[in-house]
Amino acid sequence: MGFLAASLSRIKPSATIAISQKARDLKTAGRDIISLSAGEPDFDTPDNIKQAAIDAIRRGETKYTAVDGIPQLKEAIVEKFKRDNDLTYTASQVTVGTGGKQVLYNALVATINPGDEVIIPQPYWVSYPDMVLLAGGEPVFAETQLKDGFKLQPDVLEAAISDKTKWLIFNSPSNPSGAAYTHDELKALTDILVKYPNVWILTDDMYEHLVYDDFKFVTPAQVEPKLLDRTLTMNGVSKAYCMTGWRIGYGAGPDVLIKAMSKLQSQSTSNPSSISQWAAVEALNGPQGFIAEHNDVFKQRRDLVVSMLNQAAGLSCPVPEGAFYVYPSCEGAIGRQTASGEVISSDEDFVTALLEAEGVAAVHGEAFGMAPHFRVSYATSTQALEQACERIQRFCASLR
Ligand code: GLU
C-alpha cells in the first residue's frame, strides 16, 4: 500500500476545473486566450446581493452558524420550492452546503454502500461518476443519443435499473448538453421510477432558471409527487444569481437523508460561509427580474454560437433548451490533420489542437462520457464568443 488512499486512484481530477485553470494560466502567461471552458456566468453578482453580504459583515454575522444553514436561509429555500416548483418542504427537510457540489457529495457519501449502483445518463457532468466512485459505489451509465436531443429514454432508464440501484442522478437542463426535459418527457421517466421503490432520485436542478424560448422547467417530485419521499431536489445560487464564488448550494428531501447529510457535514466543513448564506437569503427573497434580462442575452448568444458552429466544417450542433452550454459533435474532424501535421483522433486531440492553434479553450466530450463532442460554455461576452467561433471555423477549415 502506498501513501495515498486507494480510493483516490479510482478517480480523475475534474476536467472542467483543470481546463479552466489551464486557460487562466495561459492568459496570465500572456497568450491571447478565449476561454469557453468555465461553467460560470460572466455577469457580476447583482448589487443588492453584494449589499446583503456587506450588511451581514457589518452586523457581525461572521461566526459559525448551524451546520447545514441559518434558519432564515432555510425559510427562503422552503419558499422558493413552493413558489417555483410547487413542492412543500419543511425547514428540517432542507440542507445548505458549500456549493451544489458539496450537497451532491454529502448525499452520495451518506447513502452509498460498497456495490451500490448509481445510474448516470451520458453525457454527464464530470463530477458525478467520480463522486460515486469515491463513495464506494458503481456508476452505471445510461446512454442518450444526439437524435433524441441527449435526453434519457424510458426504455434505456428501465434497462439500467437493477436491485442494486440506489440512485438515479438526473440533471435538467443538463451540463454539458443544455438538454432540458418537458413535463411529458419527464413524466415518461417518473412513470418508470414509481415501479422501482429501491431507486432514489438525485435531481440536480442547478440550471433551472436558465431556459429559453418559453421553456417550462419541471422537476421530478413536482411531476410525480409519489417520488417526493425518495427524491433529493438539489439546487443552488451559483448559476442563476451569478454567485459561483460564494459557494452556496442546497437540497431538500426526506428527514432521514437530510439528517445524515448534516451529520457528515458536521465532521467535514461545518457550515457554509455565514456571509454567503446571508447573500443567498437576499438572492432568493429579493428581486428576480435580472434573471430574465440575463436569459435574453444568453438566448441570443446560444443562437449565435449554434449558428456559427454549424457553419464550421465537420461540426454539428443541436439547439439546446437551457443552461449555457452547447455540445457539438466534432465527428467530421476526426481522422483529419492539423496544419502542422498532427492527426486528430479524438475529441481531446481536437480541443488540444484548437487551444494550441487558435487560443480557444473548450472541454473535450470524453470527460462528460460522450464522444466525439466538446462542450462550449457561452457564458462569456458576445463579442468574445463571436471571435471564438470565428477562430473555431478557421481551425476547422484548416484541417486536411
Ligand atoms: N459546474 C461548472 C462547470 O461544469 C463549474 C466547474 C465545476 O465545478 O465543474 O464548468
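Right above here is the structure, for reference.
Residues numbered from 1 in each chain as written. Predicted model: local features only at pLDDT ≥ 70, side-chain atom pairs only at ≥ 80, totals over all residues. Heavy atoms only, no water.

### Overview of the sheet that holds strand β9 (residues 325-326)
How we decide: By the convention used here, strands pair only if DSSP detects at least 2 bridges between them. Working definition: helices are DSSP H or I runs of at least four residues, strands are E runs of at least two. Numbering for both runs from the N terminus.
What the three strands build is an open sheet, ordered β9-β12-β11; its pairing is antiparallel. Of all strands in the sheet, those with a lone pairing partner are β9 and β11 (363-364), marking the two edges. With two bridges connecting them, β11 and strand β12 (residues 374-377) associate as antiparallel partners. Within β12, the position partnered with V363 by the bridge is R375.

### So, the site of the ligand
What counts here: Here a residue counts as near a molecule or strand whenever at least one of its heavy atoms sits within 4 Å of it. Polar contacts, as used here, are pairs of N or O atoms within 3.5 Å; protein pairs need one atom able to donate a hydrogen and one able to accept it. Residues neighboring in sequence count only if both atoms are side-chain atoms. Residue-level accessible areas treat just the shown protein chains as cover; the underlying method is Shrake-Rupley with a 1.4 Å probe. Polarity classes work like this: nonpolar for Ala, Val, Leu, Ile, Met, Phe, Trp, Tyr, Cys and Pro, charged for Asp, Glu, Lys and Arg, and polar for all others, with Gly in that last group.
The environment of the ligand is formed by T16, I17, G39, K101, W125, N175, K239, Y325 and R375. One of the side-chain nitrogen or oxygen atoms of N175 is found 2.9 Å away from an oxygen atom of the ligand. Its free accessible area being 280 Å², the ligand has 82% of it covered by the protein chains. Tallied by class, residues from the shell around the ligand come to three nonpolar, three polar and three charged.

### Some points on the nonpolar core
We count it as follows: In this description, a nonpolar core means a group of buried Ala, Val, Leu, Ile, Met, Phe, Trp, Tyr and Cys residues linked to one another through side-chain atoms lying within 4.5 Å. Here the term buried applies to any residue with accessible area under 20% of the maximum for its type, exposed to any over 50%, and partly exposed to those in between, with areas from a 1.4 Å probe on protein chains only. Residue contacts are counted whenever heavy atoms from the two residues lie within 4.5 Å of one another.
With 70 residues, the main nonpolar core has L108, W167, L202, L232, L309, L315 and F350 as its most contacted residues. With seven residues, the single largest contributor to this core is helix α13 (residues 382-398). Ignoring anything within four residues of it in the chain, the contact list for L202 reads L104, A107, L108, W167, L168, I169, F170, L232 and M234. Among the nonpolar cores identified, the runner-up in size contains 29 residues, and I49, L73, I77 and V94 belong to it.

These results come straight from atomic positions and should not be treated as a statement about function.
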